[in-house]
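Chain and residue survey
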Amino acid sequence: MNKKVIAIDGPAGAGKSTVSKMVAAKLGYVYIDTGAMYRAVACKVLREHKNVTDENIISIAKDIEVDLTYEDGLTKVFVDGDEVTNEIRMPLVSHVVPKVAKVGFVREKLTELQRKMASRGGVIMDGRDIATHVLPNADVKIYLTASIEERARRRCDELKAKGYETDFDSIAKEIAFRDKQDMERDLAPLIKADDATLIDSSDMTIDEVVEKILKMCTD
Ligand code: CDP
């Protein structure tokens, strides 16, 4: 089977990364988590500045080095050689990342890096603008979503499993707030590509979603 390029977009907590990792493992593909790259930039901004202004974001993005490594199905994230795999999932990072992601300079820099990473094929890349901007010629395009209740429930469970104290209402609010910013920004907003297949995973198991995507890859 030819090595394909698979693009998965969708709102926060839709299950993109879980599903993408499983599809990548099944096909022997590389999984590229573009959200982790935006989170990595946000992490460095928070480390070095009190205020998250466009000016501060651009000055950080100018000479940041973001790397992803993959071993045994695990992605590790590095900023200037420092591992930030856990730090990028902190609630404060989730809160400021849309502010970082709406800055043109950041998007241009990360988009170029993402295209390079996908250039050899055999990749599954997830994010917000993959099918619409980063890889418009992807072989398979999916828009994965679920109801806000289901997404908040999944994100709550995920954070609890990692030891964060959390409650459903604040997570639901945070997710809705982030989706609104991602959907309403001027540059590469979150939107379903016309030629992407919509999968609503509200009433589907993870395995069912994975099966559906694998089938699309072999059709
Ligand atoms: O995992 P989760 O759905 O919470 O989000 P993520 O994929 O880690 O992405 C974090 C944030 O990065 C998003 O809310 C967007 O603001 C931004 N992002 C983006 O603008 N474009 C992408 N291709 C990926 C993420």
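For the structure itself, look to the data block above.
Residues numbered from 1 in each chain as written. Predicted model: local features only at pLDDT ≥ 70, side-chain atom pairs only at ≥ 80, totals over all residues. Heavy atoms only, no water.

**Remarks on the environment of Asp186**
Here Asp186 lies in the loop between α8 (168–184) and β8 (197–200). Asp186 sits in the exposed class, given a relative accessible area of 77%. Note: C-alpha distance between Asp186 and Gly104 (82 residues apart in sequence) is 9.4 Å. (Helix = DSSP H or I, 4+ residues; strand = E, 2+ residues; numbered from the N terminus. Buried < 20%, exposed > 50% of the residue type's maximum accessible area, 1.4 Å probe, protein only.)

**Describing the pairing of strand β3 (residues 66–71)**
Across six bridges, the pairing between β3 and strand β4 (residues 74–79) is antiparallel. Across the sheet, Glu71 pairs through a bridge with Leu74, a residue of β4. In sequence, β3 turns back onto β4 through a hairpin of two residues, with Asp72 there showing a positive phi of about 50°. (Pairing = 2+ DSSP bridges.)

**Some remarks on the layout of surface pockets**
Looking at the second largest pocket, its volume works out to about 160 Å³. For the second largest pocket, the full set of lining residues is Ile64, Glu65, Val66, Glu108, Lys109, Leu110, Glu112, Leu113 and Lys116. The biggest single contributor to the lining of the second largest pocket is helix α5 (residues 104–118), with six residues. Its residues assigned to classes, the lining of the second largest pocket shows four nonpolar, no polar and five charged. (1 Å grid on protein atoms, 1.4 Å probe; cavity = no way out; pocket = protein on both sides within 12 Å on 5 of 7 lines; lining within 4 Å. Points joined across faces, edges and corners; volume = space filled by probe spheres on them. Nonpolar A, V, L, I, M, F, W, Y, C, P; charged D, E, K, R; others polar.)

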